[in-house]
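Examination of the molecular architecture
The chain contents come next:
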Amino acid sequence: QVQLVESGGGLVQAGGSLGLSCVASGSILSINGMGWYRPAPGKQRELVATITSRARTAYEDSVKGRFTISRDNAKNTVYLQMNSLKPEDTAVYYCNADLLLRGKTGFYDYWGQGTQVTVSS
């Protein structure tokens, strides 16, 4: 059983900071890319930030310079540090990981259940 469990969401005032964590557990042999997504108008989910296994990062334009994604490969964990938060950042944030599992061939996408981030004005 593979699980991605997010933590760290909550309520914060505009201009404040929050840190999210996501731990992947189960029969994992390798993790390729990891990332954070949130719902967006006209889309099921939009990319917020991603990080490759070699720590190459990419960000959605509206969060560049405010959010930082990182990962700890030894802990199968991806982080999202969110600074200078704005009310429009309010959303459920979903963790995503591209996993190679024991007994499987190839990498597959897995998702966490999401963690709520609310930014008050």
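Values in this document were obtained by computation on a predicted structure and should not be read as measured data. (Residues numbered from 1 in each chain as written. Predicted model: local features only at pLDDT ≥ 70, side-chain atom pairs only at ≥ 80, totals over all residues. Heavy atoms only, no water.)

1. With respect to the pairing of strand E4 (residues 28–40)
Every regular strand shows the same layout, with side chains that alternate between the two sheet faces. The line we're drawing: Two strands qualify as a pair provided DSSP detects at least 2 bridges between them. Runs of E in the DSSP output that reach at least two residues are strands. Runs of H or I that reach at least four are helices, and both are numbered from the N terminus.
Sheet topology places E4 next to strand E9 (residues 91–101); seven bridges connect them, and they run antiparallel. For Met 34, the partnering residue across the bridge sits in E9 and is Ala 97. As defined by bridge partners, E4 adjoins strand E5 (residues 43–51) across six bridges and the pair is classed as antiparallel. Within the sheet, the bridge partner assigned to Tyr 37 lies in E5 and is Leu 47. Hairpin connection, E4 to E5: the antiparallel pair is bridged by two residues, and Gly 42 has positive phi, about 80°.

2. Overview of the packing of aromatic side chains
Filter applied, for reference: Geometry of aromatic contacts follows a simple scheme: Phe, Tyr and Trp rings, the Trp one being its six-membered ring, pair when their centres are within 6.5 Å, and the pair is stacked under 30 degrees between planes, edge-to-face over 60, tilted otherwise. Exposure categories follow from relative accessible area, calculated using a 1.4 Å probe and restricted to protein chains: below 20% of the type maximum is buried, above 50% is exposed, and the middle band is partly exposed. In our convention, an over-ring charge means Lys NZ or Arg CZ found within 6 Å of a ring centre and within 35 degrees of that ring's normal.
Taken as a whole and assessed by the stated rule, the structure comprises one aromatic pair. Judged by centre distance (5.0 Å) and plane angle (70°), the rings of Tyr 37 and Trp 111 are edge-to-face. Highlighted residues: Tyr 37 in strand E4 and Trp 111 in strand E10 (residues 107–111), separated in sequence by 74 residues. Residue classification places Tyr 37 among the buried positions, given a relative accessible area of 19%. Here the basic side chain of Arg 45 rests over the ring of Tyr 94, its NZ or CZ set 3.8 Å away from the ring centre. Positioned over the ring face of Trp 111 is Arg 45, at 4.5 Å from the centre of the ring.

3. Brief notes about the state of the cysteines
Going by this rule: Whenever a pair of cysteine sulfur atoms sits within 2.5 Å, that pair is classed as a disulfide.
Scanning the entire structure with this criterion turns up one disulfide. Each sulfur in the disulfide pair Cys 22 and Cys 95 lies 2.1 Å from the other. Taking the sign of the S-S torsion, -80° for the link of Cys 22 and Cys 95, the bridge is left-handed. Of this pair, Cys 22 sits in strand E3 (residues 18–25) while Cys 95 sits in strand E9; the two residues are 73 residues apart in sequence, bridging distant segments of the chain. The pair formed by Cys 22 and Cys 95 is uniform in burial state, with each residue classed as buried.

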